[in-house]
Amino acid sequence: MRLTPYHTKYYAYELTKRCSSDSLRKLAVSLSDAQVDLNPHQVEAALFAFRSPLSKGAILADEVGLGKTIEAGILLSQKWAERKKQILIILPSNLRKQWNQELLDKFFLPTIILETQSFNQEIKKGNLNPFKQQDIVICSYHFARTKDVFIKQINWDLVVIDEAHRLRNVYKNSNKIASAVKNAVAHCPKLLLTATPLQNSLMELYGLVSIIDDYTFGDLQSFKSQFARLTSNFDDLKERLKPICKRTLRRQVLEYIKYTNRIPITQEFIPTEAEQKLYDLVSEYLQSPNLYALPPGQRQLMTLILRKLLASSTYAISGTLEALAKKLGGIVENQENLPLIDSTIAEDFETLDELKDEWTDDDEETEETKVYTPEELKSIREEIVSLKQFYALANSIRKNSKGEVLIQALKAGFAEAEKRGGSKKALIFTESTRTQRYLVDVLENTEYKGKTVIFNGSNNDPKSKEIYKKWLEKHHGTDRITGSKTADMRAAIVDYFENEAVIMIATEAAGEGINLQFCSLVVNYDLPWNPQRIEQRIGRCHRYGQKHDVVVVNFLNKKNAADQRVYQLLAEKFRLFDGVFGASDEVLGSIESGVDFEKRIAQIYQSCRTEEEIQASFDALQRELEPQIDETMNLTRQKLLENFDEEVHEKLRINLLQSKEYLSKYEGWLWDITSYYLQPYADFSEDGQSFTLRENPFREEKIYPGPYRIGKNVDDANIYRIGHPLAQRIVGQCKAASLESQTISFQYSGSGKKISILEPLVGKSGWLSLINLAINSFEAEDNILFCGIIDDTGELDKEQCQRLFSLPAAINRLESDITDAEWSRINQIAYQQQVDILRINLERNSGFFDNEIYKLDKWAEDKKNSLEIELKELDREIKFRKTEARKILSLEEKIKTQRQIKEMEKKRNTLRMNLYQAQDDVDGRKETLINDIEAQLKPKVESKELFLVKWILK
């Protein structure tokens, strides 16, 4: 197709056009850039989140497995494209890396994880508020609470809160983290993500909604009085939730998403006598009332970690026992104080920092320097002797019974996976880096020699370094290399696993943020006690794009009663290892972060000494975990938050068609202007999807020469997209082109196209003006006005003008200028189009305004009702007191009672005043809103002519 500069200028303006928040085109940039096949429900959710420019946010409450992270990513990507880059994401600490990686891989969005270390580094660099960043900021709930003062200082363009059900009890004074987070981000638009917005009580909905907007409901008392019993006000509650909360169910999207099953396999093992002796000795040691090796402030956490290392392998525990003995030796010799966190354990147990974040309180006391008494030093020496004995025993055990059955487990797992069509790939999880090295040694003496790769938080072993080096060489000069060694190392290891290795042995680092859908066998060599960590592990393979059933192998110690009961709970209660979806929303929601459940398990291991005690404790825990949601609450959730399938299906189907149609046009425009502009600098393929850049036309920009391809998850070239620096520069250059009036001859005959609405125009000519109309009212939007006339006094409609620019064309000299009469006709068309657009804009804004006024009216009613309820109760109490006072015989008592009644009457008068004050408050809010509306009723309109041409259709 032969393009002209007029084509490319029009296309460039289409590609950068700002659209209203209720239009699918609003999300064009993020939808076209996303490296994931977006499903229609995700697009709909992203549109819903900020459909009104007056919206303060939304709750996206899709069921587990529908991609709420992707929905948030679309919004974040759009904000980023609009240059609104002050963005904060608050989430559980174990999801930080996952979000960091997914936003980078799928949306090309840069993030920074703020934690104590990186925060302090920023302070040292002179950044007095480390939350002020060029990149998207990610932090945990606990960190957000401790740094809420810093968060409050920034006017965030968007705050995303993941696993937001953790905040649902914010209305309770005891919930300090929720209150701190709510207050810190009260002034900003928010997006809450949760699969369980309503678990046990409607008050939870009140809590979550109040984080978004305090004016959706009145106060707690009015909410309870109106909605606690869900009788006549049910429809009112649903109506208020409608603009703020959206929920899609898995069964509603089966047309678009294929789900595969989980198939569980249990690999049992029996420890040797030496292994059992080591377990019993260390377990008894950990149950001792006083231990000097474990700092009192960290006793519970460190005990958990030591138990996990003990269950992992003798190699994992032996190194830790030796390190603890040496530390105690330092105390005896030098009176050195034991550090709060042992660096040796941190090296082996990579999730230590996250566990510390989840398990410890913010106001936990730090260890003070201590001088030990002679009696204490004697006890320390005895403890050292015990630790050295344990270490010697652990070090003497070279073969682990669990490791010995690994090959057997892999054989069974591969057989099951291959039977279901999966490839021969296995992902083995362990909680210890020492165990990881042991498993490599085990596998190197089998048929898997040279076919393994390890994945952990550092990957500083020789093989990983070699893999990384080759990956850098392979992708040299491409955008695959991000410049972040951590991210690039992860990508290199995953590539190696997909293309060369058979087995990846991973620590918890691989449970976060990587996509291993090409693998369908997950082996839990060590099993975490936190159900959400397990779900996260399996979710690396059992996810979008997985074509095969996923086999999950779990190791189980046949001689450990507690291990067996833990596995029973995880398998039967949480349903983690089988079925289509893994753990249900209700179950995962009921355990909050999973940390409390983990603590309960740890307490049982720590306190129970006999099998009878173990069984009794687990029986009690299981009773507590019985479904707490009765059928009534289940039905309530369905009625309040779920739409009818027919309604959802139809909307999703329309969305899918519209988004596909528009994205096809969008990518077509991008390709056309790219091929036009880069003609002197690149070679283009015939498939219309790829080109090779020979020379960078923008030397000041970091743009790699080499292959480029439009598409998703491209591996053999740079991914070309609208957000790429090369595309951005080309679009900018095309928009900025200054074009004089010329004659354009559009070629219909011989174009091979059949366009019915253009056929009557063949052989005719006229004038065509293209105008960009920018409107700033509630939101900024652009409209492209096509003002076309035919020489014989007719007009071109918008579609005819657009279709002209789908044809090849040639530029000729202008024979004669436009006449005043013709120019007048062009101006009249432009004026009429502008009037129509402004009318639509005004109607849309009126709708936004009406919704906001309706919400405020409801809020005012709630506040008034709440005060009236209190007044009525006070009136009843005063009346009762007066009746009782008449029965009192003692004058002294009568006077005392009358004084009490007088005080109550004063309170009643104050409440009445408050009632009027509340009405004044809402009137004030309305007045402010009306003033804002009035200021924008006359929107700022800027009109810019892009070009004027004489057109001819041949």
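Above this text sits the structure in question.
Computed from a prediction, not measured in an experiment: that's the story for all the values here.

Undergrad: Even after reading the chapter, I still don't get the overall build of the chain, so can you show me in this structure?
TA: If you tally the helices and strands in the chain, you get 34 helices and 23 strands. Along the first, second and third principal axes, the C-alpha set of the chain runs to 105 × 100 × 55 Å. A total of 954 residues make up the chain; the buried ones form 55% of that total. When contacts within the chain are restricted to residue pairs at least 6 apart in sequence, long-range pairs at least 24 apart make up 77% of them. For the chain, the exposed area adds up to about 43300 Å²; of that, 48% sits on carbon and sulfur atoms.

Undergrad: Sorry if this is basic, but what is going on with the packing of helix H4 (residues 68-81) against helix H5 (residues 96-107) here?
TA: Packed helices, taken two at a time, are described by the angle between their axes plus the distance between the axes. Their axes nearest at 11 Å, the elements H4 and H5 cross at an angle of 60°. Viewed along their axes, H4 and H5 adopt a mutual orientation that is oblique. When the axes of H4 and H5 are compared, the crossing they make is right-handed. Touching Thr 69, Ile 70, Ala 72, Gly 73, Ile 74, Leu 76 and Ser 77 of H4 are Trp 99, Glu 102, Leu 103, Lys 106 and Phe 107, all from H5. Of the residues that constitute the contact of H4 with H5, the class distribution is seven nonpolar, three polar and two charged.

Undergrad: How do you make sense of the pairing of strand S6 (residues 190-193) when you look at a structure like this?
TA: Remember that side chains alternate between the two faces of the sheet whenever the strand is regular. Both faces of S6 are covered, namely the face carrying Lys 190 and Leu 192 and the face carrying Leu 191 and Leu 193. Note: strand S1 (residues 57-60) against S6, four bridges, orientation parallel. Considered in S6, the bridge of Ile 59 is made with Leu 192. Here strand S5 (residues 158-161) pairs with S6 via three bridges, running parallel. In the sheet register, Val 160 faces S6, and the bridge partner there is Leu 191. Following the chain from S5 across helix H9 (residues 176-184) to the adjacent parallel S6, one finds a crossover that is right-handed.

Undergrad: Is there a simple way to explain unusual backbone geometry in this structure?
TA: What you tend to see is this: most non-glycine residues have negative phi, and most peptide bonds are trans. Of note in the backbone geometry, Arg 83 takes a positive phi value of approximately 65° without being a glycine. The topology assignment puts Arg 83 in the loop between H4 and strand S2 (87-91). Here Glu 163, not a glycine, exhibits a phi torsion of approximately 50°, which is positive. Note on placement: Glu 163 falls in the loop between S5 and H9.

Undergrad: Can you help me understand the side chain of Asn 456 in this one?
TA: Checked against the element boundaries, Asn 456 lands in the loop between strand S10 (452-455) and helix H22 (462-474). Separated by 2.9 Å, the side chains of Asn 456 and Gln 436 make a polar contact. Here the side chain of Asn 456 touches Asn 459 through a polar contact of 2.5 Å, landing on its backbone nitrogen.

Undergrad: Is there a simple way to explain the sheet that holds strand S20 (residues 780-790) in this structure?
TA: Two modes of strand pairing occur in sheets, parallel and antiparallel, and in both the strands are linked by backbone hydrogen bonds. Overall, mixed pairing links the six strands, which are arranged S21-S20-S19-S23-S18-S22 in an open sheet. Strands with a single pairing partner mark the edges of an open sheet, and in this sheet they are strand S21 (795-796) and strand S22 (809-812). The pairing of S20 with S21 spans two bridges and is antiparallel. Each bridged residue has a counterpart across the sheet, and for Gly 788 the counterpart in S21 is Leu 796. Those strands touched by helix H1 (residues 5-15) are strand S18 (743-746), strand S19 (765-776), S20, S22 and strand S23 (940-953), and its axis lies near 150° from that of S23. Where helix H33 (residues 820-887) meets the sheet, it contacts S19, S20, S21 and S23, and its direction lies at approximately 150° from that of S20.

Undergrad: Is there a simple way to explain the sheet that holds strand S17 (residues 718-719) in this structure?
TA: Here four strands make up an open sheet; going across it, the order is S14-S15-S16-S17 and the pairing mixed. Looking at the sheet topology across the chains shown, the edges are occupied by strand S14 (682-684) and S17. Sheet analysis places strand S16 (residues 706-709) next to S17, joined by two bridges and oriented parallel. Across the sheet, the residue bridging to Arg 709 is Ile 719, located in S17.

Undergrad: Help me understand helix H12 (residues 234-241), please; the structure alone is not making it clear to me.
TA: Buried residues of H12: Phe 234, Asp 236, Leu 237, Arg 240 and Leu 241, and no others. Down the axis of H12, the sector holding all buried residues measures 165°, keeping them to one side.

Undergrad: Looking at this structure, I do not really get the packing of aromatic side chains. What am I missing?
TA: Centre distance and the angle of the planes are the two values used to describe a pair of aromatic rings. Under the counting rule described, the total for this entry stands at 29 aromatic pairs. On the basis of an interplanar angle of 70° and a centroid distance of 5.7 Å, the ring pair of Tyr 285 and Phe 390 is categorised as edge-to-face. With Tyr 285 in helix H13 (residues 273-286) and Phe 390 in helix H18 (residues 374-396), this residue pair connects regions lying 105 residues apart in the sequence. A single burial state applies to Tyr 285 and to Phe 390, both of which are buried. Consider the rings of Phe 746 and Phe 805, whose centres lie 5.3 Å apart with planes at 80°: the pair is edge-to-face. Taken together, the positions of Phe 746 in strand S18 and Phe 805 in the loop between helix H32 (798-804) and S22 put the pair 59 residues apart, joining distant regions of the chain. Across the pair, exposure class does not vary: Phe 746 and Phe 805 are buried alike. Here the aromatic cluster, defined as three or more aromatic residues joined through ring pairs, consists of Tyr 6, Tyr 10, Tyr 11, Trp 669, Phe 746, Phe 786, Phe 805 and Phe 947. Above the ring of Phe 48, the side-chain terminus of Lys 246 is found at 6.0 Å from the ring centroid. Above the ring of Tyr 13, the side-chain terminus of Lys 735 is found at 4.7 Å from the ring centroid.

Undergrad: I would appreciate a short explanation of the state of the cysteines in the present structure.
TA: Each disulfide is one covalent bond, formed between the sulfur atoms of two cysteines. Throughout the structure, instances matching the rule amount to zero disulfides. In this structure Cys 139 is not part of a disulfide, and its nearest cysteine sulfur, from Cys 188, lies 13 Å away. Considering cysteine sulfurs only, Cys 19 is the nearest to Cys 734, which forms no disulfide, with 19 Å between them.

Undergrad: What is the right way to read the packing of helix H10 (residues 202-212) against helix H11 (residues 220-227) from this model?
TA: Contact geometry for H10 and H11: axes closest at 11 Å, N-to-C directions at 140°. Between H10 and H11, the crossing angle belongs to the class labelled oblique. As for how H10 packs across H11, the hand of that crossing is right-handed. Here H10 contributes Leu 202, Met 203 and Tyr 206 to the contact with H11, which in turn contributes Leu 220, Phe 223, Lys 224 and Phe 227. In terms of residue class, the contact of H10 with H11 is built from six nonpolar, no polar and one charged.

Undergrad: I tried to follow the pattern of salt bridges on my own but got confused; where do I start?
TA: Close approach of charged atoms allows side chains with opposite charge to pair. Enumeration according to the criterion identifies 35 salt bridges in this entry. A salt bridge links Glu 416 to Lys 419; the nearest nitrogen and oxygen atoms lie 3.4 Å apart. One end of the pair is Glu 416 and the other is Lys 419, both in helix H20 (residues 406-419) and three residues apart, which spans about a single turn. Relative accessible area serves as the criterion here: at 17%, Glu 416 is assigned to the buried category. Taking relative accessible area as the criterion, Lys 419 reaches 61% and is therefore assigned exposed. Of the charged contacts, one joins Asp 683 and Arg 694 as a salt bridge, the two residues approaching to 2.6 Å between their closest N and O atoms. Linking Asp 683 in strand S14 with Arg 694 in the loop between strand S15 (690-693) and S16, this pair joins segments that are eleven residues apart in sequence. Looking at Arg 694, the relative accessible area reads 44%, which means it is partly exposed.

Undergrad: Whenever I open this one, H1 confuses me. Can you help?
TA: Owing to its 3.6 residues per turn, the α-helix aligns residues three or four sequence positions apart on the same side. Within H1, ten of the eleven residues are buried, which leaves the element mostly enclosed by the surrounding structure. Three or more residues of H1 are buried, namely Tyr 6, His 7, Thr 8, Lys 9, Tyr 10, Tyr 11, Ala 12, Tyr 13, Glu 14 and Leu 15.

Undergrad: In this structure, what is going on with the environment of Lys 26? I would like to understand it.
TA: Relative to the elements of secondary structure, Lys 26 occurs in the loop between H1 and helix H2 (28-33). Taking the C-alpha atoms as reference points, Lys 26 and Pro 295, 269 residues apart in sequence, are found 55 Å from one another. Ignoring sequence-local partners within four residues, the contact set of Lys 26 consists of Cys 19, Ser 20, Ser 21, Gln 78 and Glu 82.

Undergrad: I'm lost on the pairing of strand S12 (residues 521-524) in this one. Help?
TA: Residues Leu 521 and Val 523 line one face of S12 and the alternating positions Val 522 and Asn 524 line the opposite face, and both faces are buried. One ladder, built from three bridges, connects strand S9 (residues 426-429) with S12; its direction is parallel. In the sheet register, Ile 428 faces S12, and the bridge partner there is Val 523. Strand direction decides the pairing type here: S12 and strand S13 (residues 550-557), joined by four bridges, are parallel. Paired with Val 522 across the two strands is Val 552, which belongs to S13. At this point the chain moves from S12, through helix H24 (residues 531-538), to the parallel S13, and the crossover so formed is right-handed.

Quick notes on the rules
- Residues numbered from 1 in each chain as written.
- Predicted model: local features only at pLDDT ≥ 70, side-chain atom pairs only at ≥ 80, totals over all residues.
- Heavy atoms only, no water.
- Helix = DSSP H or I, 4+ residues; strand = E, 2+ residues; numbered from the N terminus.
- Buried < 20%, exposed > 50% of the residue type's maximum accessible area, 1.4 Å probe, protein only.
- Contact = heavy atoms within 4.5 Å.
- Areas by Shrake-Rupley, 256 points an atom, 1.4 Å probe, with all protein chains shown as cover.
- Axes fitted to C-alpha atoms, helices over the stretch in contact; angles between N-to-C directions.
- Parallel < 35°, antiparallel > 145°, perpendicular 65-115°, else oblique.
- Left-handed = near helix turned anticlockwise from the far one by under 90°.
- Nonpolar A, V, L, I, M, F, W, Y, C, P; charged D, E, K, R; others polar.
- Pairing = 2+ DSSP bridges.
- Right-handed = clockwise from strand over helix to strand, strands pointing away.
- Polar contact = N/O pair within 3.5 Å; in protein donor to acceptor, adjacent residues only side chain to side chain.
- Arc of directions from axis to C-beta.
- Phe/Tyr/Trp six-rings, centres within 6.5 Å; stacked < 30°, edge-to-face > 60°.
- Lys NZ or Arg CZ within 6 Å of the ring centre and 35° of its normal.
- Disulfide = S-S within 2.5 Å.
- Salt bridge = Lys/Arg side-chain N within 4 Å of Asp/Glu carboxyl O.

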